[in-house]
Amino acid sequence: TKTIVSNESLDIAKALDREFDSIAGNPSLHLFPDELQVDVDKMVAANYDPVNNGVYKCGFAGNQEAHEEASRALFKRLDELEELLGKQRYLLGQRLTVADWYLFTTLYRFDAVYYCHFKCNLKRIVDYPNLWGFT
């Protein structure tokens, strides 16, 4: 039907990564490389709840306890990512994947939006040298 019927962003990204190779300017560029499919999915999943969704859990927490729990998980994962990116350029080594883009979108907005408006204010991304360089 030539219609994308999923509203799940990861499914759409996977489809766009392969389904339009015939008209792509660089059809060999894949952000879901075959050899890293499992690792990409694991990294996206590992970052989603504490980081991508975690900033919203902090910002819309119904009470202080919920905010602190979400904040601990968020900054724990950011600390882990800071350490990882101190050893390699991208999340899965030396190759850019969709896992990097998924994290980038949250990190890009972090200091300007989530730090102040969502009270994710233990640290800014600029305070993490490797995450800042990644972003």
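Provided above is the structure to which this section pertains.
Residues numbered from 1 in each chain as written. Predicted model: local features only at pLDDT ≥ 70, side-chain atom pairs only at ≥ 80, totals over all residues. Heavy atoms only, no water.

Caption draft 1: Focus on the overall build of the protein. A tally of regular secondary structure across the protein gives six helices and zero strands. Walking the protein from its N terminus toward its C terminus, one meets helices and strands in the order α-α-α-α-α-α. In terms of overall dimensions, the protein has C-alpha extents of about 50 × 35 × 25 Å along its principal axes. In the protein, buried positions account for 33% of the 135 residues. By sequence separation, contacts in the protein at least 24 residues apart represent 62% of the contacts at least 6 residues apart. Carbon and sulfur atoms make up 55% of the accessible area of the protein, which amounts to about 8300 Å² in all. (Helix = DSSP H or I, 4+ residues; strand = E, 2+ residues; numbered from the N terminus. Buried < 20%, exposed > 50% of the residue type's maximum accessible area, 1.4 Å probe, protein only. Contact = heavy atoms within 4.5 Å. Areas by Shrake-Rupley, 256 points an atom, 1.4 Å probe, with all protein chains shown as cover.)

Caption draft 2: Inspection of the pattern of salt bridges at higher detail. Per the stated rule, a full pass over the model turns up eight salt bridges. Here Lys14 makes a salt bridge to Asp41, at a shortest N to O gap of 3.1 Å. Taken as a pair, Lys14 in helix H1 (residues 9-18) and Asp41 in helix H2 (residues 37-52) lie far apart in primary sequence, 27 residues in all. The class for Asp41 is partly exposed, based on a relative accessible area of 28%. The residue Asp79 makes a salt bridge to Lys123 at a minimum N-O spacing of 4.0 Å. Taken together, the residues Asp79 in helix H4 (residues 64-85) and Lys123 in the loop between helix H5 (98-117) and helix H6 (129-134) connect sequence positions 44 residues apart. Assessed through its relative accessible area of 33%, Lys123 is described here as partly exposed. Via salt bridges that share partners, Lys76, Arg77 and Glu80 belong to a single interconnected network. (Salt bridge = Lys/Arg side-chain N within 4 Å of Asp/Glu carboxyl O.)

Caption draft 3: Representation of unusual backbone geometry in the model. Of note, the phi angle at Lys119 is positive, near 55°, even though the residue is not glycine. For Lys119, the location among the structural elements is in the loop between H5 and H6.

Caption draft 4: Here's a closer look at the state of the cysteines. Scanning all chains against the criterion turns up zero disulfides. Just so you know, Cys58 is unpaired, no disulfide at all, and the nearest cysteine sulfur is the one on Cys120, 3.9 Å from it. Using a relative accessible area of 3% as the deciding quantity, one classes Cys58 as buried. We note that Cys116 lacks a disulfide partner, and the nearest cysteine sulfur, in Cys120, lies 9.7 Å from it. (Disulfide = S-S within 2.5 Å.)

Caption draft 5: The arrangement of the nonpolar core in detail. In this structure, Leu74, Leu78, Leu91, Phe110, Cys120 and Leu131 are the most contacted members of the largest nonpolar core, which totals 30 residues. Those elements that provide at least two residues to this core are H1, H2, helix H3 (54-59), H4, H5 and H6. With seven residues, the single largest contributor to this core is H5. Not counting the four nearest positions on each side in its chain, Leu78 is found in contact with Val51, Leu107, Phe110, Ile125, Tyr128 and Leu131. (Core = buried A, V, L, I, M, F, W, Y, C linked by side-chain atoms within 4.5 Å.)

Caption draft 6: Quick peek at H1. Looking only at H1, the buried set comprises Leu10, Ala13 and Asp17. Buried residues of H1, seen end-on, are gathered within an arc of 60° and therefore sit on one face of the element. In this fold, the buried residues of H1 make contact with H2 and H5. (Arc of directions from axis to C-beta.)

Caption draft 7: Main features of the packing of H2 against H5. In the contact formed by H2 and H5, the axes pass within 9 Å of each other and the chain directions differ by 10°. Taken together, the axes of H2 and H5 lie roughly parallel to each other. Side by side, H2 and H5 meet where Val40, Met43, Val44, Asn47, Val51 and Asn52 of the first sit next to Val98, Ala99, Tyr102, Leu103, Thr105 and Thr106 of the second. For the contact of H2 with H5, the class distribution of residues is eight nonpolar, four polar and no charged. (Axes fitted to C-alpha atoms, helices over the stretch in contact; angles between N-to-C directions. Parallel < 35°, antiparallel > 145°, perpendicular 65-115°, else oblique. Nonpolar A, V, L, I, M, F, W, Y, C, P; charged D, E, K, R; others polar.)

Nothing here speaks to function; it is geometry throughout.
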